[in-house]
Amino acid sequence: MSLKPFYQTGSLIKFYLRTDFLKILIWTISITALTMLTAWAFEDLYPSEAERLAIAETMKNPAMTAMVGPGYGIENYTTGAMMAHQMLLFTAILAAVMTILMTAKHTRGDEEDGRAEMISSLPAGRLAPLTSVLAVVGLSQLLLAVSIGTALSGLNIESMPPGASFLYGAAIGGTGLFFAGVTAVFAQLSESSRGTSGFAFLILGVSYLVRAIGDVSMETLSWLSPLGWALKTEVYVSNLVSPLVLLSAGSSALALAAFGLMLKRDLGSGMLPSKPGRSNASPLLLSPFGLALRLLRTSVIVWAVALMAIGASYGSVLGDLESFFSSNEMLSNMVNATGGLSLTEQFISMLMAIMSMMAAVPALMFFYKLKSEENKSRMENIYARAVSRQKVFLSYLAVAVVFGSLMMIIATVSLWGASVSVMEEPLGFAVVLKSGLVYLPAIWVMIGIGAVFTGIKPGLTGLAWGYLIYSFLVVYLGGLLQLPDWPGQLSPFGHVPQIPGEEISWLSLMILTVISLALTIVGLRGYQQRDLKG
Amino acid sequence: MTVLHINQLSKRFGKFQALKDVSFSIEKGEIFGFIGPNGAGKSTTIRTLLGILKPSSGSASIFGMDVWKESVSIHERIAYVPGDANLWPNLTGGEVIDLFLKLRGSHKPEKKQELIERFQLDPSKKCRTYSKGNRQKVALVAAFASDAELFILDEPTSGLDPLMERVFQECVLEAKSQGKSVLLSSHILSEVERLCDRVAIIRQGEIIESGSLEEMRHLTRTNLVIETKEPLNGISSMTGVHTVKETEKGTALQVDAEALDEVIKKVSTLGIVRLESTPPTLEDLFMRHYEGTGSDQA
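Calculation rules
- Counting from 1, residues in each chain are numbered in the order their sequence is written.
- Each chain gets a letter, beginning with A, and each ligand a number, beginning with 1, in the order they are written.
- Given that the model is predicted, a residue must reach a pLDDT of at least 70 before its local features are reported, and side-chain atom pairs must reach 80 or more before they are shown or counted; all residues, however, enter totals for whole chains, interfaces and linings.
- As a rule here, side-chain values cover all heavy atoms of the structure and leave hydrogens and water aside.
- Numbered from the N terminus, helices here are DSSP runs of H or I no shorter than four residues, and strands are runs of E no shorter than two.
- Relative accessible area decides the class of each residue, using a 1.4 Å probe on protein chains only: under 20% of the type maximum gives buried, over 50% gives exposed, and in between gives partly exposed.
- Working rule for contacts: check all heavy atoms of both residues, and any pair within 4.5 Å makes them a contact.
- The accessible surface values rely on the Shrake-Rupley method and a 1.4 Å probe; as for residues, cover is taken only from the protein chains in view.
- C-alpha atoms define the radius of gyration, and 2.2 Å times the number of residues to the power 0.38 defines the globule rule.
- Lines fitted to C-alpha atoms define the axes, with helix axes restricted to the stretch in contact, and inter-axis angles between N-to-C directions lie between 0 and 180 degrees.
- Take the far helix as the reference: if the near one is turned anticlockwise from it by less than a right angle, the crossing is left-handed, and if turned clockwise, right-handed.
- Three residue categories are used. Nonpolar comprises Ala, Val, Leu, Ile, Met, Phe, Trp, Tyr, Cys and Pro, charged comprises Asp, Glu, Lys and Arg, and polar comprises the others, including Gly.
- An automatic or database domain assignment provides the domain bounds reported here.
- In short, buried area is how much 1.4 Å probe accessible area vanishes from two parts on joining, totalled over both.
- Salt bridges are counted wherever a side-chain nitrogen of Lys or Arg sits within 4 Å of a carboxyl oxygen of Asp or Glu.
- The definition of a polar contact used here is a pair of N or O atoms within 3.5 Å, where within protein one atom must be able to donate a hydrogen and the other to accept one, and adjacent residues in sequence count solely through side-chain atom pairs.
- The pLDDT value tells you how sure the predictor is about a given residue, anywhere from 0 up to 100.
- If DSSP finds at least two bridges between two strands, the strands pair.
- Here a cavity means grid points, on a 1 Å grid over the protein atoms only, where a 1.4 Å probe fits yet cannot get out; a pocket means an open set of points with protein on both sides within 12 Å along at least five of seven lines; lining residues are those with an atom within 4 Å of a point.
- Grid points are joined across faces, edges and corners, and a volume is the space filled by probe spheres set on the points.

### Section: the overall build of chain B
Scanning chain B from terminus to terminus reveals ten helices and 14 strands. Overall, the C-alpha framework of chain B stretches about 70 × 45 × 35 Å when taken along its three principal axes. Burial statistics for chain B: of 298 residues in total, 53% are counted as buried. Across chain B, every contact between residues at least 6 apart in sequence was considered, and the portion connecting residues at least 24 apart equals 70%. Surface exposure of chain B reaches about 13,300 Å², of which carbon and sulfur atoms provide 49%.

### Thoughts on the overall build of chain A
The helix and strand tally for chain A stands at 22 helices and zero strands. Here the C-alpha atoms of chain A give a radius of gyration of 26 Å, agreeing with the 24 Å that 2.2 N^0.38 yields for 534 residues. The C-alpha extent of chain A, read off along each of the three principal axes, is 85 × 70 × 35 Å. Taking the intrachain contacts of chain A between residues at least 6 apart in sequence as the baseline, contacts between residues at least 24 apart amount to 78%.

### Details of the packing of helix H5 (residues 88–112) of chain A against helix H8 (residues 162–189) of chain A
Residues and elements named next belong to chain A. Look at H5 against H8: their axes get within 7 Å of each other, and the N-to-C directions meet at 35°. Considering only the axes of H5 and H8, their crossing is right-handed. Here Leu88, Thr91, Ala92, Ala95, Ala96, Thr99, Ile100, Thr103, Ala104, Thr107 and Arg108 of H5 come into contact with H8, specifically with Tyr168, Ala171, Ile172, Thr175, Gly176, Leu177, Phe179, Ala180, Thr183, Ala184, Ala187 and Gln188. Partitioned by chemical class, the residues of the contact of H5 with H8 number 14 nonpolar, eight polar and one charged.

### Points about the domain arrangement of chain B
Here the domain parsing of chain B yields domain 1 (2–213) and domain 2 (221–279). Computed from C-alpha atoms alone, the centre-to-centre distance between domain 1 of chain B and domain 2 of chain B is 42 Å.

### With respect to the interface of chain A and chain B
In many reports, interface size means the accessible area that the parts give up when they come together. Every contact between the two is made by 35 residues of chain A and, on the other side, 35 residues of chain B. When the two sides are added together, the surface that chain A and chain B hide from each other amounts to roughly 3,200 Å², 54% of it contributed by carbon and sulfur. Taken together, the links from chain A to chain B amount to three salt bridges. Linking B:Arg47 and A:Glu380 is a salt bridge whose minimum nitrogen-to-oxygen distance equals 2.9 Å. Taken together, chain A and chain B are joined by 19 residue pairs in polar contact (both at pLDDT 80 or more). Taken together, the elements giving at least two residues each to the side of chain A that touches chain B come down to helix H13 (288–326), helix H16 (379–383) and helix H22 (506–529) of chain A. The class makeup of the residues in the side of chain A that touches chain B is 13 nonpolar, ten polar and twelve charged.

### Observations concerning the confidence of the model for chain B
Any region with low pLDDT has predicted coordinates that should not be read closely. Mean pLDDT over chain B works out to 89, with 97% of the residues at or above the 70 mark. The model gives residues 294–298 of chain B a pLDDT under 50, and that stretch makes two contacts with residues more than four places away or in other chains.

### Here we look at the sheet that holds strand E1 (residues 2–13) of chain B
Residues and elements named next belong to chain B. The sheet built from four strands is open, its strands ordered E2-E1-E4-E5 with antiparallel pairing. Where the open sheet ends on each side, the last strands, each with one partner, are strand E2 (16–27) and strand E5 (65–66). By the bridge criterion, two bridges tie strand E4 (residues 57–62) to E5 in an arrangement that is antiparallel. Residue pairing in the sheet places Ser61 in a bridge with Asp66 of E5. Where helix H1 (residues 42–49) meets the sheet, its contacts fall on E1, E2 and E4, and the angle it forms with E1 comes to roughly 115°.

### Overview of empty space enclosed by the protein
Going through the model one piece at a time under the given rule, you end up with four cavities of 30 Å³ or more. Lining the largest cavity are B:Lys108, B:Lys111, B:Leu115, B:Arg118, B:Phe144, B:Ser146, B:Phe151, B:Cys171, B:Glu174, B:Ala175, B:Gln178 and B:Lys180. Elements with a contribution of two residues or more to the lining of the largest cavity: helix H4 (109–118) and helix H6 (162–177) of chain B. Considering only residue class, the lining of the largest cavity consists of five nonpolar, two polar and five charged. When its volume is computed, the second largest cavity comes out at roughly 50 Å³. The wall of the second largest cavity is formed by A:Val68, A:Gly69, A:Pro70, A:Tyr72, A:Ala84, A:His85, A:Leu88, A:Leu231, A:Glu234 and A:Val235. Each residue belonging to the lining of the second largest cavity can be placed in one class, and the counts come to seven nonpolar, two polar and one charged.

### A look at unusual backbone geometry
Between A:Ile499 and the following residue, A:Pro500, the backbone shows a cis peptide bond with an omega angle of 0°. Mapped onto the elements of the fold, A:Pro500 is located in the loop between helix H21 (486–489) and H22. You will see that A:Gln8, though not glycine, has its phi angle at about 75°, which is positive. With phi around 50°, B:Gln120 is a residue other than glycine that occupies positive phi space. With respect to the helices, strands and loops of the structure, B:Gln120 is situated in the loop between H4 and helix H5 (132–144).

### Remarks on the pattern of salt bridges
Residues and elements named next belong to chain B. Tallying each qualifying case throughout the model produces 25 salt bridges over all chains. Among the ionic pairs, Glu30 bridges to Arg198, the shortest N-O distance being 2.6 Å. Note that Glu30 is positioned in the loop between E2 and strand E3 (31–35) and Arg198 in strand E9 (residues 198–203), a separation of 168 residues in sequence. Looking at Arg198, the relative accessible area reads 22%, which means it is partly exposed. In this structure, Lys112 engages Asp98 in a salt bridge whose closest nitrogen and oxygen atoms are separated by 2.7 Å. With Lys112 in helix H4 and Asp98 in helix H3 (residues 93–104), this pair connects stretches of sequence that are 14 residues apart. The buried category is assigned to Asp98, whose relative accessible area is 12%. Overlapping salt bridges bring together Glu114, Arg118, Glu170 and Glu174 as one network.

### Some points on the domain arrangement of chain A
All names here are of chain A. The assigned domain composition of chain A is domain 1 (9–264) and domain 2 (285–529). If you average the C-alpha positions of domain 1 and of domain 2, the two centres end up 33 Å apart. In this assembly, six residues from domain 1 lie in contact with five residues from domain 2. Of the roughly 460 Å² buried between domain 1 and domain 2, counting both surfaces, carbon and sulfur atoms make up 69%. When the buried surface of domain 1 facing domain 2 is broken down by residue, Thr58, Asn61 and Met67 rank first, second and third, together holding 57% of it. Viewed at the interface, domain 2 and domain 1 are joined by zero salt bridges. Our count for the contact surface shared by domain 1 and domain 2 stands at zero residue pairs in polar contact (both at pLDDT 80 or more). Put simply, the parts of the chain that give the side of domain 1 that touches domain 2 at least two residues each are helix H2 (49–59) and helix H3 (62–68). Broken down by element, the side of domain 1 that touches domain 2 gets its largest block of residues, three residues, from H3.

Written out as structure tokens, the structure reads:
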């Protein structure tokens, strides 16, 4: 009897298409819409060459190159060149995230949950599930590439001809395909779906870093990263197809490797030794605070890295802002009129407002873990033991306040660090730090509002997010749209003194802090009195 | 000495009356069975006892302390096992056991090791990889490794295999022999029958019967199988005799406790060949109440 390893692949492809149809559609439409809107916005925002060259100036620094990749054609910065420079890498990473999640779910995920066993008990070839998953993911990337290519061609932007637009789409789909291959290999090696996607994301992260270092200092290094390959197509500038060959050859090699490994192993087993966890808990875990911190550990690290990147990217444009302002006499005169502060310094306060609202997101999320643990019925594990509600509540509050504040401090310090390397007259550390720290009480008020909802009406905790979005809109857009003062004053972020432009107002900071304390106490009292779900 | 006392406890969720005037108490050194169908209010009662839910009216106390106001002091002296242990997927079983023991207070490290071996649990695995039975083992090890005075067990053996269920029963009996008290809510009536000194049956939020198994049996029917030399005519028309059936072994019937004397007098005149008497099982008791709801509604 023959082995027929691919028997029933066709039926399984149909099956996976049916289960993932909607997901593929949502990913494809979102990524395509984002790409289209950005291209349209670039064309709309910078219609003249002079404006595009001004933007190109702000992009010519190592921090930007490390973040978004090298600017091909930056001397003649057309809308197409701008897209390829600022959006291609980011979009390719999104495609990679899409394929990593999809592939991990249907390979090791199905195996872990016992679904793979059901399929292999049916007359299906040994390689049929893996083949059909890769085929479906491959089709999704083809769809994505064609969809992006069509959308960008349809915009009729002069610097973005159809041929190049399809190359742009192909670079993104190719990256997605490559990481589907990476995930398929790790699905054979690792024993859990989390391990599988974890290793694949690690490779994605390393690819990004290798490319960042390569683009800044050593070009050959960028050729070692699949993300580097996507950028080497130099879309809308030189339109090179050869890097795509690398991507597709790489994807095929990875798929073959995954097939080889799959044939060698038992279903359900992995090849990397799954390291046993601790049999005994570290003393650091053994308290409600330690547990909260442990549960939020990954989240804390991810947010810290994200806010560091945001701070650095804001900081890295300050140098160009400085030269832009100093080259403009009219603006320089205005600066003197407002009391010896440079425009850059005045701009800082606006950046701090935005970053503080971004830092409020993890702060509130960390606190809301208290509620999500309750919703998952894990709190009864804690409350059935000798632990008071006050202690648990204050533990999550402490994590939210300490690490929420830390997020803001990280963003602030990172902004200063990046600005020092690009500015001729660097900003003082103390000034920058102060302008960031004054926003902490506003973040605490947001946590306090979260505490009130958690304690009194846990069904309405979403309203705190609405309030944060409201704050963002009125504080960020209020100046641009010339809104009156009162909408901004309904937000805690509207009461923060604008350092260094304004005098530090201890009174408003004190009032914000007292409000946050009062809200927290109200929330705690409610939490001690209400029924818990579990 | 009364360890746990519930007095006229009621709990409403909006318009829904989950518990209505529930009362019972548990004495020191006693294993108390708490049985009832799904949704009858067993877990609501237990969560109220744990201070997770606040009573709408009535009161409950453990060790003489109010379960809502003094929950922390009470919890230092009790151990709880839920019917469905929701654990943290990225912590190992060993970490969770240590966490639970630490949050409760005192425990005996050597007892933990012994229990992990008896329940055949691999504590180095992440909870995400555990089956339902293994998650229950984590909760059971954490409970029995503690030096609690009262164990509150809410369907603790769901998902355990028969071997592990036996280990569990041993653990419960060991606890009893050390003078500890147990509240055992369970679906497995044979388990309750084997372990419990007294039982309460809850239905639609109300306690419909409670007492020792002996007392409850006394109040209900005894199963008899009778074979006589002369034909056993007219027995089905006697008061207190139910469900008369001819079987290969003889006539099977159920007799109310108060009618037993009359029935035996009559049967003895007919020349008894064989007489088997079995006390009603807990299942019989339980089913009688359960069927009762059906006929009430009909």
